[in-house]
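# Observations on the three-dimensional arrangement
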Amino acid sequence: MYSFLTTENWADYELVDSGNFEKLERFGQYYVARPEPQAIWDKHLPEQEWQRMANAVFTRDKGSQEKGQWKLKKGMPEQWFINYKYNDLKLRFRLGLSSFKHVGLFPEQDANWKFIYDTTKKLKTPQPKVLNMFAYTGAATLAAKAAGADVTHLDSIKQVNFWARDNMEASNLNNVRWIVEDAMKYARREVKRGNKYNGIILDPPSYGRGPNGEKWQLENELNEMIKLCREMLDGTDYFLLINLYSMGFSAMVLDNLMRDTFGDRVKNEELGELYLLDGGDRRLPLGTFFRFSSVGK
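Here's a quick rundown of the structure. All figures in this text were calculated on a predicted structure; none of them were measured in a lab.

Before going further, it helps to examine unusual backbone geometry. Note: most residues except glycine have negative phi, and most peptide bonds are trans. For Asn20, which is not a glycine, the phi torsion comes out positive at approximately 55°. Tracing the backbone shows Asn20 in the loop between β2 (13–19) and β3 (22–27). Residue class for Asn20 comes out partly exposed when judged on its relative accessible area of 40%. One non-glycine residue, Phe134, adopts positive backbone phi at about 55°. On the basis of relative accessible area, Phe134 is assigned to the buried category, the value being 16%.

Structure below.
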């Protein structure tokens, strides 16, 4: 089943407009304008409207594809909180303006957070074990935790784990296991130990570094990582979710990897793309995903 999924019914988030390689978003009461390489079309709103609305605008440094500076209007804080609600799931996230254009949250992941929450609740194992690798500021971690899971949150950057802990505390949750580690090293070690997880969540970057300089390059490492996940994933009561944001990777790559690696354990599968719908009814693509579980919808 191929699906196009978007963020829905979130009072504290809106993609207001996109185009000319930028996007204008509302997070709570504040409007943020920042680069977006996929938005190759024209903006829907006039430039003057962007300038009027945006409380913070990110501009790349010369010669850099990632690093840059924020220009803030008076009254715009560098950090603030927004709320997230889905059925009886209530989370709270601290946002911040980083020097790499990010704000600490990827709102297109809403559809995956809902899947994690619903699927974790359906697992038969009391307090199922869930592993979230490349876990960033922990929205997926908190969705699993709120559903009753025993969660291990792994990211290679210590400060990001502190940020995720702040989100946990703001969401009135506790007892997440925090690990600062290279994901590949951790997965290899868990396989040797024979440790199993009922749920595995992966949102790997195209390129990254571990805490000791270990190199991660998606096209070189992903195949081995998926095989390690096969060994770590429980054989009877399970789910796995992988999300990729890489403009060069087709969803068919994920489909081939998952079916080759997991075989008949791929059940109730869903393959597709995540997108955000802007105010001009344009769909902004923001990643491909593959997810499957033993418990279905």
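Burial analysis of strand β4 (residues 30–35) places five of its six residues in the buried class, the great majority of the element. Note that β3 and β4 share six bridges and pair antiparallel. Paired with Arg26 across the bridge in β4 is Tyr31. Counting the residues between successive antiparallel strands, the hairpin from β3 to β4 contains two residues, one of them, Gly28, with a positive phi of roughly 70°. The pairing of β4 with strand β5 (residues 56–60) spans two bridges and is parallel. Note on β5: the bridge partner recorded for Val32 is Ala56. Handedness of the β-α-β unit built from β4, helix α1 (residues 47–53) and β5 comes out right-handed.

Within the largest apolar cluster, 46 residues are counted, with the highest numbers of intra-cluster contacts made by Trp80, Phe93, Trp113 and Ile116. By residue number, the principal contributor to this core is helix α3 (residues 139–146), which donates five residues. Three or more residues apiece are contributed to this core by two domains, here domain 1 (7–79) and domain 2 (106–293). Setting aside its immediate chain neighbours within four residues, Trp80 contacts Phe27, Tyr30, Val32, Phe93, Arg94, Leu95 and Leu97. Of all hydrophobic cores here, the second largest spans 35 residues; its members include Leu222, Leu228, Ile242 and Leu271.

Reading the values: rules and limits
- Residues numbered from 1 in each chain as written.
- Predicted model: local features only at pLDDT ≥ 70, side-chain atom pairs only at ≥ 80, totals over all residues.
- Heavy atoms only, no water.
- Helix = DSSP H or I, 4+ residues; strand = E, 2+ residues; numbered from the N terminus.
- Buried < 20%, exposed > 50% of the residue type's maximum accessible area, 1.4 Å probe, protein only.
- Pairing = 2+ DSSP bridges.
- Right-handed = clockwise from strand over helix to strand, strands pointing away.
- Core = buried A, V, L, I, M, F, W, Y, C linked by side-chain atoms within 4.5 Å.
- Domains from an automatic or database assignment.
- Contact = heavy atoms within 4.5 Å.

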